Amino acid sequence: MARLTFDDIYHVSFSSLGAAADDWKEMVDQLDTLATDAVDGMVKQADAARWAGANSDVTKPFVRKTAKEFGDAHTEAKGIWSMLRDAHSDLVSVQSDIKKLVDVEAKSKNVRVTGLDDGTVYCVYLHQRGDSDQRTQKQLDYLDDLASRINNLIAKADEIDNSVAGALKKIHGSDSHNFGHAKYDSLDDVQAERAVQLAKKSLAKYKQGEELSTKELAELKQLLSDNAKDREFSVDFYKALGPKDALRFEAQIAIDASAEGDKTQLKLAHSIQTSMGVALATATDPPTGKDNPDTAFRENKDYLGKAWQSELKRVGRNKLELGIGFDHAEPVGYQALSSLLRHGNYDKSFLVPVAEDMVTIERKGGGWPIPDQFNGENHFGLNLDKKGGPGWDPMTGVLEAFGHSPEASTAFFNGSTGEGADDGLKKLSNLDYFLGDKDGKGGREWPADKTSGYVLPDEKSKTFGKDALGHALESATTGRAYDSDGPSVKHTQERADLFHTVVERIGSNPDLVKADGSLAPIADSLGHMSADYMHDIQRAFAGGDQIGYIGHFGADAYLGDLNREGDELKQFLQATAEDPDAYASITHAQQAVTTEIIRDAMANPGDETLSAVATRASAPGGEISGITSAGRADAIAAADDSVEKINEYNKKLETGDKWVSRVVEMGVGRIPVGGDIVGWAVEDIQEAALNHYTKDPQEAADQIVENRENYLNGEREAAAQAAKQAVLDAAQQAGLSTDQGSPAAGAADDVYRETNYAHSDGRSR
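To start, this report covers the structure provided alongside it. Remember, it's a predicted structure, so these values are computed and weren't measured experimentally.

We now examine the environment of glutamate 311. By secondary structure assignment, the location of glutamate 311 is in helix 10 (residues 306-316). Sequence-wise, glutamate 311 and glycine 242 are 69 residues apart; in three dimensions their C-alpha atoms are separated by 8.5 Å.

Have a look at this one:
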C-alpha cells in the first residue's frame, strides 16, 4: 500500500470525508429505527402467534434471523460511521498541525518545506539578498528538527489511513450475504487491537529465536507514540496484554535492542519504551481519582484499577521467564516495569503502592538479579534512555517516576513501610529509608546498576539511582517535575514540612552531600529546592518575619529553628554550594529575592529612612552569599583541577539564571511586578549575578592556593556590589533619583557596607 505524502495531506480537502461521515450517521440512525422495529414488531408478533407446523418451523427462525440482520446492519453501519468520524477528526487535526509548522513557523524562519517522493519532507533556508547562506550548527539542527516534526505528523496520518482502511475491511467482512463482522466503537479500538497483535506476535517470535521486522517495529512505534495519552487506547492495550506479557514484551525488545540491535532498532525500541511508559501513566490514572465500583466509569474500560494493579505486583516480584534461550538476563517484573515508569506523570494511587512494595521487598532482604556479561563486551540493559544506567536497579526508575509525578512523590516521602499484616518489619519512613536516620546512617544500600563484567566502576554506577533520588525529592518539595520549565508551584504545608526535614537531615550530616559523600549526586537537586524556597531561607536569616518584607510562597517551611541553634541551615547551604549547579541556583534566587525585598522596603519605608530599611532588607542575602562563597571555595580548593572547577561554576551561572524569572514570577513581593517591568527586573538581576559572581578561572584558582582569605574577600566585594546594584535597580523601578547625594544613592552605599558585614558573618559562623 502506497503511503501518504506531504502533498497528499497538505493540499487535500477533508470536507468530502466529513460529509461521508455525516451521511453514515444518518444511515446509523435509520437502521437503528429499522432494527428496533424488527425486534419489537415482526419478531414479537411471530413469537406470539399461535402458529405451528412445518411453515412455522421455517418462518419463525427466518423472521428472527432477518431481524438479527437488521441489528447487524445497524452495528456495521455504526462501525463504519465511527471509523469515518474519527478519521476525519484526526486527519483534520494533523493537517492543521502541519500547516501551522509550514505556513507560520517555517515562513517566520524563512524556511521552505518541500515534499519528497518517499513521503517525507526536505527543509531549506531561502536565499535572501546579501545573505552568505552560511548556516550555523544551531540553524542546521533546527531544519532537522522541523523536518522531523513534520515527518512524524505525516507518519501519523499514514497510520490513521491504514488503520481505518483495515478496520473497514474487517467491519464489512468477506460475506456479501451477511452483516455483522468485526465491531469497533472508535479508531482507538482498531489501533489498540493492532498494537496488541504486534506485541503478541513479538512474544511468539521470541520463543522461536526470532523478532519483529523493522517495518513491524516502526508500525508499533507509530501506534504507541500517537496514542500514548489516549485513555481508551492505553487501557485496551494493557488490558489485552495483561501485566506479565506487557512487561515480558518490554524487557525482550529492550535487551535485544541494547545487546545487539542496530541504531534503527535501538531507536524504535526506545520510542516504544517511552510511549509504553506514558500509556501506562494514562491507563492507571483514575478518571475520578478513586477506585470506586459505584462511580459512573467502568474500571475495566476506563482505567486499570485495583485488580490489574494487584496482578502487576504479583508479576513484579517474580521472574518474567523471557524465554530467549539463556539465563544471563532473567529480570523480575519490577525491573522491567522500572524502565517504563521513567516516562509519564503517574497518579499517587498507582505509583506509591508499587514503590512501597519494592521498598518492602528490599527491607525484607530481597535483591534484584543482575545478569552476567554475555556476547563479548556488549552492554545490555532494560533502560534504553541515554542517561540513567542500564536499569537493573529498579528503584532508579521508580524514583525517576516520582521526579515527574509531584503529587505522588510528596505522598511517598511523607509515607512509610513496615507494620503490615505479614511483613514483620518495624515502621520506617520512606525518607529515612533513603537518607538514613538523624545521624545520616542506615540509609539504603545502593546496588551497582551495571551488567556484571562491564567496565563502569561500582561507585559510578550507583550514581544513577542517587541522581534519581535527588529528582524525586525536588519534585516532592516543589510540586513541579524536576525537569519542568514551567513556573513554580505554591508550597503546600506537606511539601514545606518535607523540605524542612531534608534541610535538617542534611544540615546535621553535611558530609553526605559533599564531593566524596555517599549522597553527593543529590546536591544539585538540593540547590534547586533551596532556590524554590529562597524566601523561607531569607526569612530564617532575617530572624523571622519581623522585617516585614519577606513574603510566603504558599506554606511556611519554618526554617528559623534550623538557623543559629544547630546551624543546620548554614551547614546545609554551605555543603550544597560545593556543587556548581546548586551554587548557581542558590545565587540567582538569592539575588532575585534580595532585590525584591529591597524594592519592597524602599517603596514602603514608613517612618524610617531609605538606608535603614534597605540595609535591614539586604542583610539576609549578604549572609547567605557568605555561606555559599565558603562552600564554593572549599570545592575549588579540593578539586584536582581548580581552573576547570571554576570554569564549571561560571558555566552553571550562565545556565542557572532561569531561577531569577521563576522567583520574580512567584509574585510574593508587596509591590506587583507586571508587564514590561518583569522583563526589565529579570534582566537586571541576571546581569548583576553574572557580572559579580563569575570569576576569572586562573586568577581565582591562584588566589585560593596562595591566600584563601583574599579570595573570600573578593567574594565579599562581589556580593556587596551586587546588593548595591539591587538598591539602584529598585530605586530606578520606583522612579527615585539615584544621583550622587540622593537618598537612594546613600542607601546603596549603606547596603554595600552592610552586605560586607553580613557576608563576613555568614562565612565565619
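This part covers the nonpolar core. Membership of the largest hydrophobic core comes to 138 residues, with the highest contact counts inside it found for Tyr238, Leu399, Phe402, Phe413 and Leu469. Per-element tally for this core: the top contributor is helix 7 (residues 231-260), with 14 residues. With sequence-adjacent residues up to four places away left out, phenylalanine 413 is seen in contact with Leu399, Asn430, Leu431, Phe434, Leu469, Ala472, Leu473, Ala476 and Leu498. Counting 34 residues, the second largest nonpolar core, distinct from the first, contains Val94, Ala106, Cys123 and Leu146.

Let's shift gears to the environment of glycine 388. Within the fold, glycine 388 resides in the loop between helix 12 (348-363) and helix 13 (394-404). Sequence separation of glycine 388 and serine 461 is 73 residues, and the distance between their C-alpha atoms is 9.2 Å. Those residues within four positions of glycine 388 in sequence are excluded, and the remaining contacts are Arg342, Asn383, Thr396, Asp449 and Phe464.

As a further point, take the side chain of threonine 284. Along the polypeptide, threonine 284 turns up in the loop between helix 8 (263-283) and helix 9 (299-302). Here leucine 280 takes part through its backbone oxygen, which lies 2.7 Å from a polar atom of the side chain of threonine 284. Once you skip the residues sitting within four places of it in the chain, threonine 284 turns out to touch Tyr303, Leu304, Gln309, Tyr346, Asp347 and Phe350.

The next subject is helix 22 (residues 610-638). Relative to the 42 Å expected for 29 residues at 1.5 Å per residue, helix 22 spans 42 Å between its end C-alpha atoms, a close match to the ideal helical length. At alanine 619, helix 22 is bent by approximately 30°, the largest bend along its length, and proline proline 620 sits one to four residues beyond.

Right, let's talk about a negative patch on the surface for a bit. Together, Asp696, Glu699, Asp702 and Glu706 make up a negatively charged patch on the protein surface. Assignment of secondary structure puts glutamate 706 in helix 26 (residues 697-706). For glutamate 706, a relative accessible area of 67% corresponds to the exposed category.

This part covers the packing of aromatic side chains. Each aromatic ring pair is described using two quantities: the centre-to-centre distance and the angle formed by the ring planes. Evaluated as defined, the whole model comprises 16 aromatic pairs. Between the aromatic rings of phenylalanine 6 and tyrosine 10, the centroid separation amounts to 5.3 Å while the plane-to-plane angle is 25°, which identifies the pairing as stacked. With phenylalanine 6 and tyrosine 10 both in helix 1 (residues 6-11) and 4 residues apart, the pair spans about one turn of that helix. Judged on exposure class, the residue phenylalanine 6 and its partner tyrosine 10 are both buried. When the ring of tyrosine 433 is compared with that of phenylalanine 434, the centres are 5.1 Å apart and the planes differ by 85°; the resulting orientation is edge-to-face. Like phenylalanine 434, tyrosine 433 is buried.

This paragraph deals with the packing of helix 22 against helix 23 (residues 642-655). Orientation of helix 22 relative to helix 23, taken along the N-to-C sense of each, is 140°, at an axis distance of 8 Å. Compared by their axis directions, helix 22 and helix 23 come out oblique. Taking contact as the criterion, the partners of Gly631, Arg632, Ala635 and Ile636 in helix 22 are, on helix 23, Ser642, Lys645, Ile646, Tyr649 and Leu653. Of the residues contributing to the contact of helix 22 with helix 23, the split by class is 5 nonpolar, 2 polar and 2 charged.

About the cut-offs
- Residues numbered from 1 in each chain as written.
- Predicted model: local features only at pLDDT ≥ 70, side-chain atom pairs only at ≥ 80, totals over all residues.
- Heavy atoms only, no water.
- Helix = DSSP H or I, 4+ residues; strand = E, 2+ residues; numbered from the N terminus.
- Core = buried A, V, L, I, M, F, W, Y, C linked by side-chain atoms within 4.5 Å.
- Buried < 20%, exposed > 50% of the residue type's maximum accessible area, 1.4 Å probe, protein only.
- Contact = heavy atoms within 4.5 Å.
- Polar contact = N/O pair within 3.5 Å; in protein donor to acceptor, adjacent residues only side chain to side chain.
- Expected span 1.5 Å × (residues − 1).
- Bend = angle between axes of the 7 residues up to and from the residue.
- Patch = residues over 30% accessible without salt bridge, like charges linked within 9 Å, V, L, I, M, F, W, Y side chains within 5 Å.
- Areas by Shrake-Rupley, 256 points an atom, 1.4 Å probe, with all protein chains shown as cover.
- Salt bridge = Lys/Arg side-chain N within 4 Å of Asp/Glu carboxyl O.
- Lys, Arg positive; Asp, Glu negative; His and termini not counted.
- Charge placed at Lys NZ, Arg CZ, Asp CG, Glu CD.
- Phe/Tyr/Trp six-rings, centres within 6.5 Å; stacked < 30°, edge-to-face > 60°.
- Axes fitted to C-alpha atoms, helices over the stretch in contact; angles between N-to-C directions.
- Parallel < 35°, antiparallel > 145°, perpendicular 65-115°, else oblique.
- Nonpolar A, V, L, I, M, F, W, Y, C, P; charged D, E, K, R; others polar.

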